[in-house]
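Read off the chains here:
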Amino acid sequence: MAVEKPHMNLAVIGHIDHGKSTTVGRLLFETGAVAPHIIEGFRKEAESKGKGSFEFAWVMDSLKEERERGITIDIAHKRFDTDKFYFTVVDCPGHRDFVKNMITGASQADAALLVVAAPDGVMEQTKEHVFLSRTLGINQLIIGINKMDAVKYDEKRYNEVKEQLSQLLKMVGYKPEAISFIPMSSFVGDNISKPSANTPWYKGNTLLAALNTLTEPEKPTTLPMRLPIQDVYSISGIGTVPVGRVETGIMKKGMKVNFMPANKDGEIKSIEMHHEEIPQALPGDNVGFNVRGIGKGDIRRGDVCGPADVPPTVADEFIAQVVVLHHPSALTVGYTPVFHCHTAQIACTFVELQKKLDPRTGQVKEENPTFLKTGDAAIVKIKPTQPMVIEKVKEIPQLGRFAVRDMGSTIAAGVCINITPKQMR
Ligand SMILES: Nc1nc2c(ncn2[C@@H]2O[C@H](COP(=O)(O)OP(=O)(O)OP(=O)(O)O)[C@@H](O)[C@H]2O)c(=O)[nH]1
């Protein structure tokens, strides 16, 4: 029987027009995920509209209007295989709900591919995306220095851009020496699956070979068990069945558990996954489970299940590091948008703006700033308007991240660095 390859979620990030979509299109094409006749169809359609150079980018444009405007929006949920992994391409920052999806775990990326155009080098969004990747806990990075054809495959230019990037990576805490840099052209197909004769000076991996060097993320089984509740059902003959995904630790049959902030105790009677009873559930498993001692009205979406002896932390207040991604004006003390943290959505107030940071270095730029604006990073104190479970990102990273949403868009993203807990028991 064929053994399924390990799965990796890959975020493709980089400055606008640096070639993210073209690179994804090229990867899908060269790994056989898109049939050549489909590419040919796109090429003809593009030519007929005078956009002949867009063929690979077009593979990714599933929306017709987007195609006509010549920009790419929908690169979500594209799959391709290397001989070691199968990859799902997740949305990139700036595209729709990327940040929110990353944080709520819907598309937590295991690795990121940063695309940087050789003619431009490091640009504004390159910096933003690198910082955001770091904040969101993406530890593995591959860098494609793209559009090498447009700089005549010049080794000197490649080294300049590589050096700029190395500086940037060091500032945010990545180790450039552990990262693959690849001179490539997604458009021409250089160094994607085969070493290119256009870059005889380059002896490193192709993009596909570099993707194969990534390591499968370990399941966080040694952390305390945390399962944020997605829904609660009442099933006749069984009783109350909460459902959700195990984020950390192991849920076992017979375990004594506690739900916070509901502050209800129970015992796991049975666990079910894909309609089969299982003795234990691991991180990543989506399960339904039956708990002795819990009624349907006792718990709800946003509550978190944990072991009774290490219950989830309910915050009275918490200190967070945030990055403001998009705020129409100035974010000030008193602002109370909705925080999305695991499955909870709770209005929280910015009660103190403690320090403004340089988003690239993390150095303090200003103490007690009066406001924050788009692009700022800061240390802030937050007070939830209702009891809310959150954990320190250093202790349980999966429950320590949040997205801040207001009026339909993601205003900020952040991580919880300290908590003043609410005494619950
Ligand atoms: N010369 C050259 N052009 C390229 C290469 N890769 C992409 N392009 C062109 O660069 C432009 C932008 O490419 P996209 O793939 O749409 O870039 P993107 O980063 O996905 O852009 P957004 O989704 O709008 O942020 C298109 O005109 C591509 O044809 C390359 O390797 N060489």
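Predicted model only: the values in this text are computed from it and were never measured.

Asker: Would you mind going over the overall build of the chain with me for this structure?
Answerer: Secondary structure assignment for the chain yields eight helices and 23 strands. Per-residue burial for the chain yields a buried fraction of 52% across its 425 residues. Pairs at least 24 residues apart make up 69% of the contacts formed inside the chain by residues separated by at least 6 positions. Surface exposure of the chain reaches about 19,000 Å², of which carbon and sulfur atoms provide 50%.

Asker: Honestly, helix α1 (residues 20-30) in this entry has me stumped. Any pointers?
Answerer: Note that an α-helix has 3.6 residues per turn; residues three or four places apart therefore point the same way. When you tally the buried positions in α1, you get nine out of eleven residues, the bulk of the element. Along α1, the residues classified as buried are K20, S21, T22, T23, V24, G25, R26, L27 and L28.

Asker: Looking at this structure, I do not really get the pattern of salt bridges. What am I missing?
Answerer: In total, this model carries 19 salt bridges according to the counting rule given. For K392, the salt bridge goes to E395, with nearest N and O atoms at 3.8 Å. Overall, E395 belongs to the partly exposed group, its relative accessible area being 46%. Where salt bridges share partners, they join K356, E366, K373 and D376 into one cluster.

Asker: Just to check I follow, could you spell out the UniProt feature "binding site: Mg(2+)" (unreviewed entry) in the chain for this structure?
Answerer: Those places that UniProt annotates as "binding site: Mg(2+)" (unreviewed entry) correspond, in this numbering, to S21. Secondary-structure assignment places S21 in helix α1.

Asker: Sorry if this is basic, but what is going on with the nonpolar core here?
Answerer: Proteins that are soluble and globular tend to have nonpolar side chains buried together. The biggest cluster of nonpolar side chains holds 56 residues, and the ones touching the most others in it are F80, I143, I145, L165, L207 and L211. If we ignore the near neighbours within four places in the chain, the residues touching I145 are V116, A118, Y158, V161, K162, L165, F181, I182, P183 and M184.

Asker: How should I be thinking about the packing of helix α6 (residues 124-135) against helix α7 (residues 155-172) in this particular structure?
Answerer: A pair of packed helices is captured by two measures, namely the crossing angle of their axes and the spacing between those axes. Their axes nearest at 10 Å, the elements α6 and α7 cross at an angle of 35°. With respect to the hand of their crossing, α6 and α7 are arranged in right-handed fashion. Within the contact between the two elements, α6 uses T126, K127, V130, F131 and R134 and α7 uses L165, L168, L169 and V172. The class makeup of the residues in the contact of α6 with α7 is six nonpolar, one polar and two charged.

Asker: In this structure, what is going on with unusual backbone geometry? I would like to understand it.
Answerer: Most of the time, phi is negative for any residue but glycine, and the peptide bond is trans. In the segment running from M260 into P261, the intervening peptide bond is cis, with an omega of 0°. Take P261: it is sitting in the loop between β10 (256-260) and β11 (264-273). Non-glycine residue Y153 carries a positive phi angle of around 55°. Checked against the element boundaries, Y153 lands in the loop between β5 (140-146) and α7. Under the relative-accessibility criterion, Y153 is labelled buried at 15%. Even without being a glycine, N263 presents a positive backbone phi close to 60°.

Asker: Would you take a moment to explain the packing of aromatic side chains for this structure?
Answerer: Per the counting criterion, the structure on display carries ten aromatic pairs. Among the aromatic residues, ring-to-ring pairing joins F318, Y335, F339, F350 and F402 into one connected group. Here R134 stacks its cationic end above the ring of Y174, 4.8 Å away from the centre of that ring.

Asker: Looking at this structure, I do not really get α7. What am I missing?
Answerer: The end-to-end C-alpha distance of α7, which contains 18 residues, comes to 26 Å, matching closely the 26 Å that a straight helix rising 1.5 Å per residue would cover. Those residues of α7 lying buried are R157, Y158, V161, L165, S166, L168, L169 and V172. For α7, the N-terminal cap is D154; the gap from its side-chain oxygen to the backbone nitrogen of K156 is 3.2 Å.

Asker: Help me understand the environment of G288 in this model?
Answerer: Checked against the element boundaries, G288 lands in strand β14 (residues 286-292). With 243 residues separating them along the chain, G288 and E45 place their C-alpha atoms 47 Å apart. Among all residues touching G288, those that are not within four sequence positions of it are V241, P242, V243, S270, I271 and E272.

Asker: Looking at this structure, how should I read the sheet that holds strand β4 (residues 111-117)?
Answerer: Where strands meet in a sheet, backbone hydrogen bonds hold them as pairs that are either parallel or antiparallel. In spatial order, the strands read β2-β3-β1-β4-β5-β6; together these six strands make up an open sheet with mixed pairing. Where the open sheet ends on each side, the last strands, each with one partner, are β2 (78-81) and β6 (180-183). In this sheet, neighbouring strand axes are inclined to one another by 25° on average, regardless of whether the strands run parallel or antiparallel. Where strand β1 (residues 7-13) meets β4, four bridges bridge the pair, whose relative direction is parallel. Bridging from a neighbouring strand, I13 pairs with L114 of β4.

Asker: What am I meant to see in the confidence of the model for the chain here?
Answerer: Interpretation of the predicted coordinates at a detailed level should be avoided for regions scoring low in pLDDT. With 86% of its residues at a pLDDT of at least 70, the chain reaches an overall mean of 86. Overall, residues 62-76 carries pLDDT values under 50, and its contacts beyond four positions in sequence, including any with other chains, amount to 37 contacts.

Asker: Quick question: what am I supposed to make of the side chain of H15 here?
Answerer: Tracing the backbone through its elements, the reader meets H15 in the loop between β1 and α1. Residues in contact with H15, not counting those within four places in the same chain, are K20, V115, M123, E124, Q125 and T126.

The rules behind each value
- Residues numbered from 1 in each chain as written.
- Predicted model: local features only at pLDDT ≥ 70, side-chain atom pairs only at ≥ 80, totals over all residues.
- Heavy atoms only, no water.
- Helix = DSSP H or I, 4+ residues; strand = E, 2+ residues; numbered from the N terminus.
- Buried < 20%, exposed > 50% of the residue type's maximum accessible area, 1.4 Å probe, protein only.
- Contact = heavy atoms within 4.5 Å.
- Areas by Shrake-Rupley, 256 points an atom, 1.4 Å probe, with all protein chains shown as cover.
- Salt bridge = Lys/Arg side-chain N within 4 Å of Asp/Glu carboxyl O.
- UniProt positions renumbered as here; feature names shortened; annotations may be inferred.
- Core = buried A, V, L, I, M, F, W, Y, C linked by side-chain atoms within 4.5 Å.
- Axes fitted to C-alpha atoms, helices over the stretch in contact; angles between N-to-C directions.
- Left-handed = near helix turned anticlockwise from the far one by under 90°.
- Nonpolar A, V, L, I, M, F, W, Y, C, P; charged D, E, K, R; others polar.
- Phe/Tyr/Trp six-rings, centres within 6.5 Å; stacked < 30°, edge-to-face > 60°.
- Lys NZ or Arg CZ within 6 Å of the ring centre and 35° of its normal.
- Expected span 1.5 Å × (residues − 1).
- Polar contact = N/O pair within 3.5 Å; in protein donor to acceptor, adjacent residues only side chain to side chain.
- Pairing = 2+ DSSP bridges.
- pLDDT = per-residue confidence, 0-100.

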